[in-house]
Amino acid sequence: MPRVSQLTTHTGYWLRMVSNAVSQEFARKVADQGVTVAEWACMRAMYDEEAVAPSALAEKMGMTKGAISKLADRLVEKGLVERSSNPEDRRGLSLCLTPEGHRKIPRLAKLADQNDAENFAVLTTDERESLDRILKAFAQRRGLKTTPVD
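Residues numbered from 1 in each chain as written. Predicted model: local features only at pLDDT ≥ 70, side-chain atom pairs only at ≥ 80, totals over all residues. Heavy atoms only, no water.

Enquirer: Outline the pattern of salt bridges, supporting the account with residue identities and numerical values.
Expert: Overall, the coordinates contain nine salt bridges when judged by the stated rule. Where E25 meets K29, a salt bridge forms, and the shortest distance between an N and an O atom there is 3.7 Å. Taken together, the positions of E25 and K29, both in helix α1 (residues 11-31) and four residues apart, correspond to about one turn of that helix. With a closest N to O distance of 3.6 Å, E49 and K60 form a salt bridge. Taken together, the residues span a long stretch of sequence, with E49 in the loop between α2 (37-47) and α3 (54-61) and K60 in helix α3 at a distance of 11 residues. For K60, a relative accessible area of 44% puts it in the partly exposed group. One connected set of salt bridges, linked through shared partners, spans E25, K29 and E118. (Salt bridge = Lys/Arg side-chain N within 4 Å of Asp/Glu carboxyl O. Helix = DSSP H or I, 4+ residues; strand = E, 2+ residues; numbered from the N terminus. Buried < 20%, exposed > 50% of the residue type's maximum accessible area, 1.4 Å probe, protein only.)

Structure, rendered in structure tokens:
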């Protein structure tokens, strides 16, 4: 019988274990606020903009225009985002947060901060900084740009 590696010998196994735990906990927290992680990420990407074209938002998040359109539809339905005509392109649309959407961002950001603090409190400051540096270097070197939403 050929020798087969154990699951636990793979770095990806450990990354996925940690990612799942951290992400699932955060997903529960934002669900209590009435949004999904994908919706939160989309809203946060819009927060610093007065209005943004869906195509620009798609590029910023590394997602398809179709994915952004679906997210926008859900957020419009929830009253957190509104569509308006783009003054620079009469054929185009812009997306912007509603006042309710704007008010929700600081609360959701606080949940994200708390989730990180709670989950990574088991690491020393040096370990956390090393982990952040390694993961950012990996993403940059692999050209990873898509905002993780699931």
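Enquirer: Quick rundown of the packing of α2 against helix α4 (residues 65-77)? Include the residues and the values.
Expert: The packing of two helices is summarised by the inter-axis angle and the distance between the axes. At a minimum axis distance of 10 Å, the contact between α2 and α4 shows a crossing angle of 90°. Classified by the interaxial angle, the pair formed by α2 and α4 is roughly perpendicular. Residues A38, E39, C42 and M43 of α2 form the contact with α4, whose participating residues are L71, R74 and L75. Counted by class, the contact of α2 with α4 contains five nonpolar, no polar and two charged residues. (Axes fitted to C-alpha atoms, helices over the stretch in contact; angles between N-to-C directions. Parallel < 35°, antiparallel > 145°, perpendicular 65-115°, else oblique. Contact = heavy atoms within 4.5 Å. Nonpolar A, V, L, I, M, F, W, Y, C, P; charged D, E, K, R; others polar.)

Enquirer: Describe the packing of aromatic side chains, listing the residues and the values that go with them.
Expert: For the structure shown, the criterion picks out one aromatic pair. Seen in terms of ring centroids, Y13 and W14 are 5.0 Å apart; in terms of plane orientation they differ by 90°. Their pairing is edge-to-face. (Phe/Tyr/Trp six-rings, centres within 6.5 Å; stacked < 30°, edge-to-face > 60°.)

Enquirer: An account of α4 is requested, with residue identities and associated values reported.
Expert: Its 13 residues place the ends of α4 18 Å apart at the C-alpha level, agreeing with the 18 Å of an ideal helix rising 1.5 Å per residue. What α4 keeps buried is the set I68, L71, A72 and L75. One face of α4 carries all of its buried residues, which in axial projection span an arc of 100°. Those residues of α4 that are exposed and aimed more than 90 degrees away from the buried face are K70 and E77. Just downstream of α4 lies G79, where phi reads positive at about 75°. (Expected span 1.5 Å × (residues − 1). Arc of directions from axis to C-beta.)

Enquirer: Before we move on, could you go through the nonpolar core and cite the residues and values that matter?
Expert: In this structure, M46, L57, M61, I68 and L95 are the most contacted members of the largest nonpolar core, which totals 28 residues. Elements that contribute at least two residues to this core include exactly α1, α2, α3, α4, β2 (89-97) and α5 (99-120). When residues of this core are assigned to their parent elements, the largest contribution, eight residues, is made by α2. Sequence-distant contacts of L95, that is, excluding residues within four places in its chain, are made with M46, A51, V52, P54, L57, I68, A72, V81, E82 and R83. (Core = buried A, V, L, I, M, F, W, Y, C linked by side-chain atoms within 4.5 Å.)

Enquirer: Give a description of α1 that names residues and reports values.
Expert: Spanning 21 residues, α1 covers 30 Å between terminal C-alpha atoms, matching the ideal 30 Å at 1.5 Å per step. Among the residues of α1, those classed as buried are V22, F26, K29 and V30. Projected down its long axis, α1 carries its buried residues within an arc of 90°, all on one side. Those residues of α1 that are exposed and angled more than 90 degrees off the buried face are R16 and R28. Looking at the buried positions of α1, the neighbouring elements they touch are α2 and α5.

Enquirer: Lay out a nonpolar patch on the surface in plain terms, naming residues and giving numbers.
Expert: A contiguous nonpolar patch, built from W14, M17 and V18 and spanning about 280 Å² of accessible area, is present on the exposed surface. Topologically, M17 is positioned in helix α1. You can call M17 partly exposed: its relative accessible area is 39%. (Patch = residues over 30% accessible without salt bridge, like charges linked within 9 Å, V, L, I, M, F, W, Y side chains within 5 Å. Areas by Shrake-Rupley, 256 points an atom, 1.4 Å probe, with all protein chains shown as cover.)

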